[in-house]
Structures are given as structure tokens and as C-alpha cells.
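Reading the structure
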Amino acid sequence: MSELCRLIYRKNASEGVDTLGQASRNDFLERVGLIEQRFFSGPTTQAALIETVETGDGAFAALVFRGTTGRLSNWLSNLDMAACEWPTGGNVHRGFRNILMEIWDTIASALEVIEKPLYYTGHSLGGALATLAASLLPPCAVYTFGAPRIGDAEFAQTLAGIPVFNVFNPKDIVPELPPVSRRTRFTHAGTIVRNTEIHSPHHAFAHAPSFLANHAPLNYTAQLPVAFDN
């Protein structure tokens, strides 16, 4: 799931960008027996439905949400931290809710025909969207990496019957956002898996501040053996 969260940031030519002949997401997925069946794109968010090519034992499908990109609209939505009512209960981050609802109807329709075990995942904002989606249409499990707080305790209870695993790297500040206040009292739903022993950040982030380096999706993948050994 962590590798899929990293791969979803890679843009394909179909998204209107010049990829300069670089490999597509499916080029990477095919090497490990996976395929991107659908890509969902809204004004401020994107997601992909990825499945195993084989249908026997070990087959699965994953709904992978992309995290925050460089778009101004992404950042404005992240900052819209007002609490609003959620359909299944509780209150959630208004900006995250609005982002998910851009593409949710299309996603929900596509998921209706999935027969394989289905998982949701995402890094950063993508993890928040995966968790919100799970409250609307429960998957087998949710795996998030460096996701922010999403809703209040009542919202978290809507996910009580779903395995939700939130993986956090040390010094990553995003899981501590938005700050807890009298108005929001946002919390994390599910189980928190804290990576208490960090390896050296990947060389691409070696000179970045630790709170940025440790939030990078690449460094989440690199720390996973440490997190789950603990």
C-alpha cells in the first residue's frame, strides 16, 4: 500500500502533462502483476483503482488517493479546517470533505462491481480521503501514511468496525494537524503505528528539514520494516 501511495503521485500523459517519454504508472504496476483499472480526477484531487491481474488466492483491489500536490486549490482546501457534519455521524474537516465529494459518486459507482478484497490507502491528504471514504463504503481495511487528523470522536466511531492503520514517521508534523482546539477536537480514527526509530532520510531529502523529509512518501516506504517490527 505504501508503494502504491508513492506511485500515485506519478502523473501520466493522460493527465495533460508532458512526461517526456517516462514510464507510466501501469508500466511499473505490470512488473508486479497489478493494473490500474480506473483513474478518477476532480478539480483538486485524484485517485486510482488498482487490482491484481490474477483472480485467485492473494487477489485484491486498492483504491489509492493522491495527496496534496502543488495546486493552490489543494492548499486552500487543506486550510479550510472548519468542522462540518458528516453523513454517517460526527463532524469532519470541511476542506477534506469537499475534496472527496468532487469524485465520490464516480468512485462509489466503480466500486460496486469490485469482487476482490478491497483496501483503501493514501499518503498525507490522500490518507484523510481514504479514511473518509471508508466511513461511506467500508473496505476490508484502510492504510494511511502521514495523514492529518480528519474528524471528531463521533466520526471516529463510524469506523469502529473497520481496521484502520495510521502509520506515522517521527518528526512528521502533518499527523499533528490540524491542531486540537475547542472548536474542532479532531482526532485520528483507528490504530496508530508509530515508527520510533528513523533511518537516514533518502538522499533526495537529506538536506530538507526533518519535518519535511520524514513526511515524504519515499521515506514512509523506507521506514516500514522498522514500524512493523516494533
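Rules behind the numbers
Residues numbered from 1 in each chain as written. Predicted model: local features only at pLDDT ≥ 70, side-chain atom pairs only at ≥ 80, totals over all residues. Heavy atoms only, no water. Helix = DSSP H or I, 4+ residues; strand = E, 2+ residues; numbered from the N terminus. Buried < 20%, exposed > 50% of the residue type's maximum accessible area, 1.4 Å probe, protein only. Areas by Shrake-Rupley, 256 points an atom, 1.4 Å probe, with all protein chains shown as cover. Core = buried A, V, L, I, M, F, W, Y, C linked by side-chain atoms within 4.5 Å. Contact = heavy atoms within 4.5 Å. Expected span 1.5 Å × (residues − 1). Pairing = 2+ DSSP bridges. Phe/Tyr/Trp six-rings, centres within 6.5 Å; stacked < 30°, edge-to-face > 60°.

**Concerning the overall build of the protein chain**
Of regular secondary structure, the protein chain possesses eight helices and nine strands. With 230 residues in all, the protein chain has 49% of them scored as buried. For the protein chain, the accessible area works out to roughly 11,300 Å², and carbon and sulfur atoms hold 53% of it.

**Observations concerning the nonpolar core**
If you look at soluble globular proteins, the nonpolar side chains tend to sit buried side by side. If you look at the biggest cluster of nonpolar residues, it comprises 36 residues, and the most contacted ones within it are F65, I107, L111 and Y120. If you list the elements that add at least two residues to this core, you get β2 (46–52), β3 (61–65), α4 (94–111), β6 (118–123), α5 (125–136) and α6 (153–157). Take this core: its biggest share by element is nine residues, from α4. Not counting residues up to four positions away in its chain, the partners in contact with I107 are F40, A47, L63 and F65.

**Some details on α5**
With 12 residues, α5 should reach 16 Å at 1.5 Å per residue; the first-to-last C-alpha distance of 17 Å fits that figure. Counting buried residues along α5, 11 of its 12 residues qualify, which places the element largely inside the surrounding structure. Burial in α5 covers these residues: L125, G126, G127, A128, L129, A130, T131, L132, A133, A134 and S135.

**Here's the deal with the pairing of strand β1 (residues 34–41)**
Of the pairings in the sheet, the one linking β1 to β2 comprises seven bridges and is antiparallel in character. In the strand pairing of β2, S41 is matched with Q46. Connecting β1 to the next strand, β2, in antiparallel fashion are four residues.

**Brief notes about the side chain of T131**
Note that T131 resides in helix α5. For T131, a relative accessible area of 2% translates into the label buried. Apart from residues lying up to four places away in sequence, T131 is in contact with V142, T144, I150, F155 and L159.

**Observations concerning the packing of aromatic side chains**
Scanning all chains against the criterion turns up five aromatic pairs. An angle of 75° between the planes, with centres 6.4 Å apart, marks the rings of F60 and Y119 as edge-to-face. Of this pair, F60 sits in the loop between β2 and β3 while Y119 is found in strand β6, placing the two residues 59 residues apart along the sequence. Between Y119 and Y143 the ring centres are 6.5 Å apart and the planes differ by 45°, which places this aromatic pair in the tilted class. Pair noted here: Y119 is in strand β6 and Y143 is in strand β7 (residues 141–145), with a separation of 24 residues, a long-range link. On the basis of relative accessible area, Y143 is assigned to the partly exposed category, the value being 24%. Aromatic rings pair up to connect F60, Y119, Y143 and F165 into one cluster.

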